[in-house]
Amino acid sequence: MRHLLEIDDLSVGELTDILERGTHAQLTKVLDGQGVALLFEKPSARTRNSMEMAVVQLGGHPLTIRPDEVGLDTRETVEDVVRTLAGYHSIIGARVFEHAKLERAIAVSAVPVVNMLSDEAHPLQGLADVLTLAQEFGGIDALAGRTVTYVGDGNNVARSLALATGMLGMQVRVATPVGYELSSSDISRVQDAGVALECTNDPMAACQGADAVYTDVWTSMGQEAESIQRRAAFAGFTVTDDLMALAAPDSVFLHCLPAHRDEEVTNAVLEGSRSRVWAQAANRMHAARGALHWLMEQR
Ligand code: CP
Ligand code: NVA
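Residues numbered from 1 in each chain as written. Chains lettered and ligands numbered in written order. Predicted model: local features only at pLDDT ≥ 70, side-chain atom pairs only at ≥ 80, totals over all residues. Heavy atoms only, no water.

Draft legend 1. Structural detail: the site of ligand 2. With respect to spatial proximity, the complete set of residues near ligand 2 consists of Leu117, Asn155, Asn156, Val157, Asp216, Val217, Ser220, Met221 and Leu257. Its free accessible area being 270 Å², ligand 2 has 94% of it covered by the protein chains. Across the shell around ligand 2, the residue classes tally to five nonpolar, three polar and one charged. (Near = heavy atom within 4 Å. Areas by Shrake-Rupley, 256 points an atom, 1.4 Å probe, with all protein chains shown as cover. Nonpolar A, V, L, I, M, F, W, Y, C, P; charged D, E, K, R; others polar.)

Next up, the structure:
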C-alpha cells in the first residue's frame, strides 16, 4: 500500500504514470461501490470539488467531512479518526494545518492517505501544475530543459511545484522576499529529489526567459494574523505585465488559486492571454483521478 503526502513519495516513473492515468480516456472504475473520505480542516473550492468528482468518475462515493464535524485532536485523536474512517472507506484524503498529522495518519491507516494540502505540501496541486505545463508545451517528455519561475512565498505550493516540475527535468527558480524563502530542509529535500533549483530574492532576474511564471497568495490559510506584515514584505513581488515581459515570449502564467487580484498578481496578468489558471484549475480533477486510480492499484 502507498500513500501520497508529497510529490517525492513518487519515483519519476510513478509521477509520469499518474499524469498519464489522469488523461486516460477510459480508466477502470477502481472505486466501484467504495467510499473515499475527504476530511477538511480548512476551506476549499478546487480540492473538494475536483476530488469529489474524480471519486465519482472512478465509480466511488465521496464523503466530505467539514472542519467542525470531526475535530482532529480536539474531539478525538487523529489516529482514532483515521482508524475509524478506514473501516468505511478505501482512501482517506485530508487537508490539515500541521503536516505531522498526515504522518500520524499513515502510521495507523489501513487504507491509502492522500494529502489534500498541509502547511508543508500540496501534491495534488503539483500534479495539476505539471499536467497543465505538459499540455502547454507538448507533453510530459517535452518539459525537460524548460524553466519554471515561482514568485512569492516559499510555501506548500512552492515546494510541491518545485518537486513536480523539477523531477520532470525542468529548471526551477524560486524568488521570494528575504525571510520568506523555502526552508533549508525544503531546499535539501527538493535537491535530494534531483531537482535543479535556484533560489533568489530577485523576482526580475528569476523571470528572465522563464517558460512559466507561477505565484500563490502571500498569506496562506492559517496565517491571516500576519497579512499586513506580509503585504509589506512582499512589495515588489506582484506578478505584473512588466515582470511577464521578462519571461519567454510563449511563456504562461499559473496560479493555484484562490487569487488576490492586485496583491500577488495583477488583474491584467490573471485575466490576460498568457494566463492558464482556469485550465490549471480544471486539471485538478484529472490529476486527482490519476492519483486515486494509481493508489487503488498499489494496494
Ligand atoms: N488550489 C486549491 O487547492 O484550491 P482550494 O483551496 O480552493 O481547494
Ligand atoms: N498556500 C495556500 C494555497 C491555497 C490553495 C494556502 O496554503 O492557503
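Draft legend 2. Region of the structure containing the sheet that holds strand β7 (residues 196-200). The strand order across the open sheet formed by five strands is β7-β6-β5-β8-β9, and the pairing between neighbours is parallel. Edge positions in the sheet fall to β7 and β9 (252-255), since each of these pairs with one other strand and no more. With direction set aside, neighbouring strand axes in the sheet form an average angle of 20°. By the bridge criterion, five bridges tie strand β6 (residues 171-175) to β7 in an arrangement that is parallel. From the neighbouring strand, Gln171 faces β7, where its bridge partner is Ala196. Each of β5 (147-151), β6 and β8 (212-215) is contacted by helix α7 (residues 156-167), which is oriented at about 175° to β5, the strand it contacts most. (Pairing = 2+ DSSP bridges. Helix = DSSP H or I, 4+ residues; strand = E, 2+ residues; numbered from the N terminus. Axes fitted to C-alpha atoms, helices over the stretch in contact; angles between N-to-C directions. Contact = heavy atoms within 4.5 Å.)

Draft legend 3. Examining helix α13 (residues 277-297) more closely. When the terminal C-alpha atoms of α13 are compared, their 30 Å separation across 21 residues agrees well with the 30 Å that a helix rising 1.5 Å per residue should span. Along α13, the helix axis deviates most sharply at Asn283, where the bend reaches about 30°. (Expected span 1.5 Å × (residues − 1). Bend = angle between axes of the 7 residues up to and from the residue.)

Draft legend 4. Region of the structure containing the packing of α7 against helix α8 (residues 184-192). Between α7 and α8, the shortest axis-to-axis distance is 9 Å and the interhelical angle comes to 15°. One finds that α7 runs roughly parallel with respect to α8. Crossing of α7 over α8 shows right-handed handedness. Here α7 contributes Arg159, Ala162 and Leu163 to the contact with α8, which in turn contributes Asp186, Arg189 and Val190. Class assignment of the residues belonging to the contact of α7 with α8 gives a composition of three nonpolar, no polar and three charged. (Parallel < 35°, antiparallel > 145°, perpendicular 65-115°, else oblique. Left-handed = near helix turned anticlockwise from the far one by under 90°.)

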